[in-house]
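A closer look at the structure
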Amino acid sequence: MDKRMKVLVCGGGISGLAFAIAAGQDPNISVEIYEGAPEFLPIGAGIGVWMRVWELLTKLGLADDLRAKTASPTTPDPIDALIFRKSDQPEGLEFYKLVTNGPFITFHRHDFQQTMIEHLPANCKMFYSKRLSTYVNLPDGRVYASFEDGTKVTCDLLVGADGIKSVVRESLLRQRADKHAAAGNYEAAYRSLVSNRPTWSGTMCYRALIPMEKVRADLAKGNLSLEECHIQHIGKNANLIVYPVANGTMINFAAFYHQPDKVGTVFQGPWVAHVPPEELHEAYGNYESSVQAWLKFIDAPSRWAIHTIEPLETYVADGVALVGDSAHAMVPHQGSGAGQAIEDGVFLATLLSNPAVTTRDIPKVLAVYDAIRRPFAVDVCRRSHLNGSFYTLNHPDYKHRFGSSFSGSRDQMQFLKEYGEVLKRSWEWAWTTSFNDSMEAGMVILKKMMTSSELSYGATAVL
Ligand SMILES: Cc1cc2nc3c(=O)[nH]c(=O)nc-3n(C[C@H](O)[C@H](O)[C@H](O)COP(=O)(O)OP(=O)(O)OC[C@H]3O[C@@H](n4cnc5c(N)ncnc54)[C@H](O)[C@@H]3O)c2cc1C
């Protein structure tokens, strides 16, 4: 069997690029990325990664170039990463300092993505304006992909890195539903089809980038504060964060507005739209003056209706793997969607690069990928959702505690401190655990599977 393999990556976003950079380091793997967009424009907002992901980017050789594009320190020393304020009242209350191992390292998204593109190894080719329409499996085990412009590509493995509206996921789940139906399992077939649909989280995110020179005077006067770290303003149904990006030349502004009664409903209108600032002001009407001071810089925010993917029954099928948002688009309240996308890509690429793996072993690689990455990513989705419920004071165990006004009494401050601790516990995996542990486990399991005729690992089997 051939050690050389050809991998088609559908989508040149963060997950597709992470896979390509890692896989392309193996001269036996040729990677072709097919990106639907004609180019990546220098637009977009901020993005940040925690130490767990920074370690991975360092291993991939990106650290020096990325360091040149951030004002954040990049060492794993303990740091005040976030300050939490209860801000839905005239006088806000600072109640918790989140100390983490290493900071949330923040970038302009375009800088981050461009750096990844610059690090693509020579055996990775990237093609733009190539939008996948569907794929089929060939009898010899390879995959045949068709693009909207008529291009056809045959590959040993198709990596679906095409984001929340993934065409690869749609085809994979449809084929899976057909198999369930053929076996008479109509309920499972229905579940497969339904799980393809992104769900509206009930949350809007209003995003903007503010040039630093616009706010410098207010920062100097003390009307605004960055306090050398990021501030998370929380309150009933709305939370806001600002942090520097683009090497400190811009402020990333992200204000969330959550409507609990809209969770799971169909969002009417485009998912991303520029809206008048009044819509944002309305959501934050009763917030403290430091929040109002930020709002006055926002002229035409872009409003994102945040959608998610419910946990899927699998991330893999014959010759196909889903990575990143196509597998697990989540609410962004742990700053970890892109981090998980990078982990998916590197995990899958590292398994494929095992010197013993040939094209015949791809089903085993996919089974290990699914067995380890899927439960991990599903857990991160759950924790992100949990953080959102903490920020918007909607967590069922705590929301009754926010019924009365908060004057900052000793009891209230004690409660808020404990609240901060609970929040930290749901999040600390991001700066206290290492990707290496699950990677090593994956390698051990793959090795065992390679010496066995069994295809599946544990409860996970490739269809
Ligand atoms: C408000 C907000 C803030 C966030 N902040 C953070 C953060 O601070 N840290 C973090 O880790 N994560 C963050 N995230 C999440 C993060 O943005 C995503 O998880 C990440 O971008 C997913 O990367 P991806 O490559 O899987 O998908 P995408 O970035 O969506 O890339 C998919 C690519 O596939 C292409 N494509 C789509 N369809 C096709 C097709 N049919 N054929 C070919 N190409 C196709 C698209 O053009 C695109 O380039 C945030 C998300 C939001 C909404």
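Since this is a predicted model, take the numbers as computed values, not measurements. (Residues numbered from 1 in each chain as written. Predicted model: local features only at pLDDT ≥ 70, side-chain atom pairs only at ≥ 80, totals over all residues. Heavy atoms only, no water.)

What follows covers the overall build of the protein. Secondary structure assignment for the protein yields 15 helices and 19 strands. Taken over C-alpha atoms, the radius of gyration comes to 23 Å for the protein, in line with the 23 Å a tight globule of 463 residues would show. The principal-axis extents of the C-alpha atoms in the protein amount to approximately 70 × 50 × 40 Å. Looking at the protein as a whole, 57% of its 463 residues qualify as buried. Long-range contacts, defined here as pairs at least 24 residues apart, represent 75% of the contacts in the protein between residues at least 6 apart. Total accessible area on the protein stands at roughly 19500 Å², and carbon and sulfur atoms take up 53% of it. Here the protein contributes 45 positively and 50 negatively charged side chains, and the mean placements of these two sets differ by 3 Å. (Helix = DSSP H or I, 4+ residues; strand = E, 2+ residues; numbered from the N terminus. Rg over C-alpha atoms; globule rule 2.2 N^0.38 Å. Buried < 20%, exposed > 50% of the residue type's maximum accessible area, 1.4 Å probe, protein only. Contact = heavy atoms within 4.5 Å. Areas by Shrake-Rupley, 256 points an atom, 1.4 Å probe, with all protein chains shown as cover. Lys, Arg positive; Asp, Glu negative; His and termini not counted. Charge placed at Lys NZ, Arg CZ, Asp CG, Glu CD.)

Our focus in this paragraph is the layout of surface pockets. In this model, the second largest pocket occupies a volume close to 510 Å³. What lines the second largest pocket is a set of 30 residues, and nearest its centre among them are S201, T308, V331, C381 and H385. For the lining of the second largest pocket, the secondary-structure elements that each account for two or more residues are strand 12 (199-211), strand 15 (250-258), helix 10 (325-328) and helix 12 (362-391). Sorting elements by how many residues they give to the lining of the second largest pocket places helix 12 first, with 6 residues. Looking at side-chain class alone, the lining of the second largest pocket contains 14 nonpolar, 14 polar and 2 charged residues. Counting contributing residues per domain, the lining of the second largest pocket is built from domain 1 (5-75 + 107-197 + 310-385 + 433-450) and domain 2 (78-105 + 199-308 + 405-430), each supplying no fewer than three. (1 Å grid on protein atoms, 1.4 Å probe; cavity = no way out; pocket = protein on both sides within 12 Å on 5 of 7 lines; lining within 4 Å. Points joined across faces, edges and corners; volume = space filled by probe spheres on them. Nonpolar A, V, L, I, M, F, W, Y, C, P; charged D, E, K, R; others polar. Domains from an automatic or database assignment.)

Turning next to the sheet that holds strand 7 (residues 124-127). With respect to topology, 6 strands assemble into an open sheet ordered 7-2-1-11-19-18, the strand pairing being mixed. The open sheet has two edge strands with one neighbour each: strand 7 and strand 18 (316-317). Taken together, the 6 bridges between strand 1 (residues 5-10) and strand 2 (residues 29-34) define a ladder with parallel strand orientation. If you follow C10 over to strand 2, its bridge partner there is Y34. (Pairing = 2+ DSSP bridges.)

A few words on the environment of S166. Along the chain, S166 turns up in the loop between strand 11 (157-160) and helix 5 (167-182). A residue is classified by how much of its surface remains accessible, and S166, at 2% relative accessible area, is buried. Along the primary structure S166 and L322 are separated by 156 residues, whereas in three dimensions their C-alpha atoms are 8.9 Å apart. Each residue touching S166, except ones within four places of it in the same chain, is listed here: N196, L322 and S326. A distance of 3.2 Å separates a polar side-chain atom of S166 from the backbone nitrogen of V168. Of note is the side chain of S166, whose polar atom sits 2.8 Å from the backbone nitrogen of R169. (Polar contact = N/O pair within 3.5 Å; in protein donor to acceptor, adjacent residues only side chain to side chain.)

The next thing to look at is the domain arrangement of the protein. The domain architecture assigned to the protein consists of domain 1 (5-75 + 107-197 + 310-385 + 433-450) and domain 2 (78-105 + 199-308 + 405-430). Note on domain 1 versus domain 2: buried area summed over both sides is about 3000 Å², and carbon and sulfur give 62% of it. The tally of links between domain 1 and domain 2 comes to 11 residue pairs in polar contact (both at pLDDT 80 or more). No other element matches the 4 residues that strand 3 (residues 46-49) contributes to the side of domain 1 that touches domain 2. Here the residues of the side of domain 1 that touches domain 2 are counted per class, giving 17 nonpolar, 14 polar and 7 charged. (Buried area = accessible area lost by both parts, 1.4 Å probe.)

Moving on to the sheet that holds strand 5 (residues 93-101). Taken in spatial order, the 8 strands of this open sheet run 5-4-13-14-15-12-17-16, and their pairing is mixed. Since the sheet does not close on itself, it has two edges, and those belong to strand 5 and strand 16 (272-274), each with one partner. If you compare each strand with its neighbour and ignore which way they point, the axes differ by 20° on average. Two strands pair when backbone bridges link them, and strand 12 and strand 17 (residues 302-308) are joined in this way by 7 bridges, in the antiparallel orientation. Paired with R207 across the two strands is S302, which belongs to strand 17. Each of strand 4 (78-86), strand 13 (230-234) and strand 14 (238-245) is contacted by helix 12, which is oriented at about 65° to strand 13, the strand it contacts most. (Axes fitted to C-alpha atoms, helices over the stretch in contact; angles between N-to-C directions.)

So, on to the site of the ligand. In the vicinity of the ligand lie 31 residues, with E35, G48, R109, D325 and A338 positioned nearest. Contact between the ligand and G48: a nitrogen atom at 2.8 Å from a main-chain N or O atom of the residue. Between the ligand and G339, the relevant distance is 3.1 Å, taken from an oxygen atom to a main-chain nitrogen or oxygen of the residue. Alone, the ligand offers 1000 Å² of accessible surface; in the complex the protein occludes 86% of this. Mapped by element, the contributors of at least two residues to the shell around the ligand are helix 1 (14-23), strand 3, strand 12 and helix 11 (337-352). Across the shell around the ligand, the residue classes tally to 13 nonpolar, 11 polar and 7 charged. (Near = heavy atom within 4 Å.)

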